[in-house]
Amino acid sequence: MTKKIPEDELILLLRTGEQSSFTYLYENYSAAIYGLILRIVEDEEAAADVLQESFVKIWKNFSMYDSSKGRIFTWMINIARNLAIDKLRSKYFKQDSKNLNLDTSVSHIDRKLQTNFRPEHIGLKQLVQKMKPEFSVILNLIYFKGYTQAETAEELQIPLGTVKTRMRNAIIQLRELTK
Amino acid sequence: MEAKEFIESGILELYASGALDKNERDEVELMAKKFPEVAAELNAIQLSLEKHSMLHAITPPTEIKEKIQKELFGNLKSEAISVNHNNTRFYQYAVAASVVLLMLSSFAAFYFAGKLNSAENQLSLLQTQYDTLNKNMNLVIANQSHLTDEMNMINGMHTMKVKLSGTEKHPGMEVLVYYDMETKNIMLDSGNLPQLPDSLRYQLWAMMDDKIIDAGTFNSKLGLIKLRPASEADVFAITIEKQGGSATPNYDEVVANGKISI
């Protein structure tokens, strides 16, 4: 999962449009992207579809990526998040999906991961355990669930202005923990 | 101050989480361009969220990769073609590299062939020099053994040294004849005899009482000349004869003569 080549080199590689650069991108980022998609749609079949849509969109629109606006992963994950939210909100998916009892603090996927614990998630478990619950909740809602500020304020029953500062403090703690 | 407030507002965290609308995103991008510290903070936030995502990674089912590749690059057959096509640049580099390599090896081949050639030339030159030296050494050895033989002969216990002097017609001529009384061998030092034209030769005669023995012809030259042995000798005489010599001496052209003095 670790990146082997620096970001600027990856950008150059992707601009060549060579299949090898797709392979590299997929090998290094698909799991992180799939993890986010699965947490939003909470359905493996739908998540696979969204992952495919995401990679096709990333690949075809790569010329639109502007490195001055941020890291390549941020750009990719935003595409995937938007497509996953679109999928979740689509009429067809809503009719089709089972009525899950959504727990917003810890997703269905993470509960599943916690019961079927695997060694590669040791880092995650440690991170989750070390984070203040109110921070991991807001991070999960906004980053992994794609909630807007208003949606988050409503969900957590907190003032709109608090969303920003709590999110900032959550990420400050995340930065400390992921140093 | 403006940048610091902006950073502390928490808007960058929401931007990095994709939770802002278009107007707010434009504002963040403008601020990041204007203030390097804003850009740096945004990058740090994005990096931490990236790590966060990596920790939350879930490996997708393997068949999805193939499905995506099929959609992006076509089926396997055309994928092979597209690989070739996409790798054109690689092959261009490979061809360019090969050409450079070929040129370098050709140059090296010529260079070393030249070196080899010159080494071979030098070797053949040395071989020639060696052959010449060898030949010369053999000559020296032969000469030396020849000289040893001559020395042994003229210094032999039974060798008589006979001085032949010029006649009235050839005054001042001096020739030495060495005659081994035991072996009957004759050696001659042509002394100050002048060189004869090719059509003529000096001829040595050994005489004993009324017997005249032909001891062979010679021309003037440095060093000792080995002539024919003479069974008997009391007097030696030199005449000038035609090339090839004569059966009997030409008494009109006696150059020098001398008697063995015991």
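Residues numbered from 1 in each chain as written. Chains lettered and ligands numbered in written order. Predicted model: local features only at pLDDT ≥ 70, side-chain atom pairs only at ≥ 80, totals over all residues. Heavy atoms only, no water.

Regarding its fold elements, chain B presents 7 helices and 8 strands. Buried positions account for 35% of the 262 residues belonging to chain B. Taking as baseline every contact in chain B between residues at least 6 positions apart, the subset at least 24 positions apart corresponds to 56%. Working note: accessible area of chain B is about 16400 Å², and carbon and sulfur atoms make up 59% of it. (Helix = DSSP H or I, 4+ residues; strand = E, 2+ residues; numbered from the N terminus. Buried < 20%, exposed > 50% of the residue type's maximum accessible area, 1.4 Å probe, protein only. Contact = heavy atoms within 4.5 Å. Areas by Shrake-Rupley, 256 points an atom, 1.4 Å probe, with all protein chains shown as cover.)

This part takes up the pairing of strand β4 (residues 200-208) of chain B. Residue and element names in this part refer to chain B. Across the 9 residues of β4, 7 count as buried, placing the element largely inside the fold. Two elements, β4 and strand β5 (residues 211-218), share 6 bridges in a ladder whose sense is antiparallel. Within β5, the residue paired with methionine 207 across the bridge is isoleucine 212. Between β4 and the antiparallel strand that follows it, β5, lie 2 residues; aspartate 209 among them carries a positive phi value of about 55°. (Pairing = 2+ DSSP bridges.)

A few words now on the confidence of the model for chain B. Predicted coordinates in regions of low pLDDT should not be interpreted in detail. Scored by pLDDT, chain B comes out at a mean of 87, with 94% of its residues at no less than 70. Every residue in residues 77-85 of chain B is under pLDDT 50, and counting partners more than four places away or in other chains gives 8 contacts. (pLDDT = per-residue confidence, 0-100.)

Let us now look at the sheet that holds strand β6 (residues 224-227) of chain B. Backbone hydrogen bonds are what pair the strands of a sheet, in a parallel or an antiparallel way. All names here are of chain B. Across the sheet, which stays open at both edges, the 8 strands sit in the order β5-β4-β7-β8-β1-β2-β3-β6 with antiparallel pairing between neighbours. Edge positions in the sheet fall to β5 and β6, since each has one partner strand and no second. Across the sheet, the mean angle from the axis of one strand to that of its neighbour is 25°, orientation sign disregarded. (Axes fitted to C-alpha atoms, helices over the stretch in contact; angles between N-to-C directions.)

Another aspect to go through is the packing of helix α2 (residues 19-41) of chain A against helix α3 (residues 44-60) of chain A. Describing two packed helices takes the angle between their axes plus the distance from one axis to the other. Residue and element names in this part refer to chain A. Two elements in contact, α2 and α3, have axes separated by 9 Å at closest approach and are oriented at 135°. By the criterion of interaxial angle, the relationship of α2 to α3 is oblique. For the pair α2 and α3, the crossing hand works out as right-handed. The residues of α3 that touch α2, namely those facing Ser21, Phe22, Leu25, Tyr26, Ser30, Ile33, Tyr34, Ile37, Leu38 and Val41, are Glu44, Ala46, Ala47, Ala48, Val50, Leu51, Ser54, Phe55, Ile58 and Trp59. The residue makeup of the contact of α2 with α3, split by class, is 16 nonpolar, 3 polar and 1 charged. (Parallel < 35°, antiparallel > 145°, perpendicular 65-115°, else oblique. Left-handed = near helix turned anticlockwise from the far one by under 90°. Nonpolar A, V, L, I, M, F, W, Y, C, P; charged D, E, K, R; others polar.)

Put simply, an interface is often sized by how much accessible area is lost when its parts join up. In this assembly, 56 residues from chain A lie in contact with 49 residues from chain B. Roughly 4900 Å² is buried in total at the junction of chain A and chain B, and carbon and sulfur atoms are behind 61% of that figure. The tally of links from chain A across to chain B stands at 6 salt bridges. Taking the shortest distance from any N to any O, the salt bridge between A:Arg175 and B:Glu41 comes out at 2.8 Å. Where chain A meets chain B, there are 15 residue pairs in polar contact (both at pLDDT 80 or more). At the level of secondary structure, the elements contributing two or more residues to the side of chain A that touches chain B comprise α2, α3, α4 (72-89), α6 (108-115), α7 (122-130), α8 (133-144) and α10 (160-177) of chain A. Of the residues forming the side of chain A that touches chain B, the biggest block, 14 residues, is contributed by α2(A). Here the residues of the side of chain A that touches chain B sort into 26 nonpolar, 16 polar and 14 charged. (Buried area = accessible area lost by both parts, 1.4 Å probe. Salt bridge = Lys/Arg side-chain N within 4 Å of Asp/Glu carboxyl O. Polar contact = N/O pair within 3.5 Å; in protein donor to acceptor, adjacent residues only side chain to side chain.)

With that out of the way, let us pick up the confidence of the model for chain A. In the predicted model, chain A carries a mean pLDDT of 82, and 78% of its residues have values of at least 70. Ignoring residues within four places in sequence, the model shows residues 97-105 of chain A, a span with pLDDT below 50, making 10 contacts including any to other chains.

Let us now look at the pattern of salt bridges. Tallied over the full model, the rule gives 17 salt bridges over all chains. When the shortest N-O distance is used, the salt bridge between B:Lys65 and A:Glu27 registers 2.5 Å. Here B:Lys65 is found in helix α5 (residues 63-73), whereas its partner A:Glu27 is found in helix α2 on a different chain. In this structure, the salt-bridge partner of B:Glu13 is A:Arg168, at a minimum N-O distance of 2.9 Å. Taken as a pair, B:Glu13 in helix α2 (residues 11-16) and A:Arg168 in helix α10 lie in two separate chains rather than in one. Note on A:Arg168: relative accessible area 12%, which makes it buried.

Time to look at the side chain of B:Thr239. Residues and elements named next belong to chain B. Take threonine 239: it is sitting in strand β7 (residues 235-242). Separated by 2.7 Å, the side chains of threonine 239 and tryptophan 205 make a polar contact. Ignoring any residue separated from it by four or fewer positions in sequence, one finds threonine 239 in contact with Arg201, Tyr202, Gln203, Trp205, Pro249, Asn250, Glu253, Val254 and Val255.

The next point concerns the nonpolar core. By size, the foremost hydrophobic cluster in this structure holds 78 residues, and its most contacted members are A:Tyr29, A:Ile33, A:Ile37, A:Phe73, B:Leu12 and B:Val38. Per element, the largest residue contribution to this core is 14 residues, and it comes from α2(A). Membership of the second largest hydrophobic core comes to 26 residues, among which are B:Met173, B:Ile186, B:Leu204 and B:Ile260. (Core = buried A, V, L, I, M, F, W, Y, C linked by side-chain atoms within 4.5 Å.)

Inspection of the entire model under this criterion finds 15 aromatic pairs over all chains. Of the aromatic side chains, those joined through ring pairs into one cluster are A:Phe22, A:Tyr26, A:Phe55, A:Trp59 and B:Phe73. Here A:Arg39 stacks its cationic end above the ring of A:Phe144, 5.1 Å away from the centre of that ring. Sitting over the face of the ring of A:Tyr143, A:Arg81 holds its NZ or CZ atom 4.9 Å from the ring centroid. (Phe/Tyr/Trp six-rings, centres within 6.5 Å; stacked < 30°, edge-to-face > 60°. Lys NZ or Arg CZ within 6 Å of the ring centre and 35° of its normal.)

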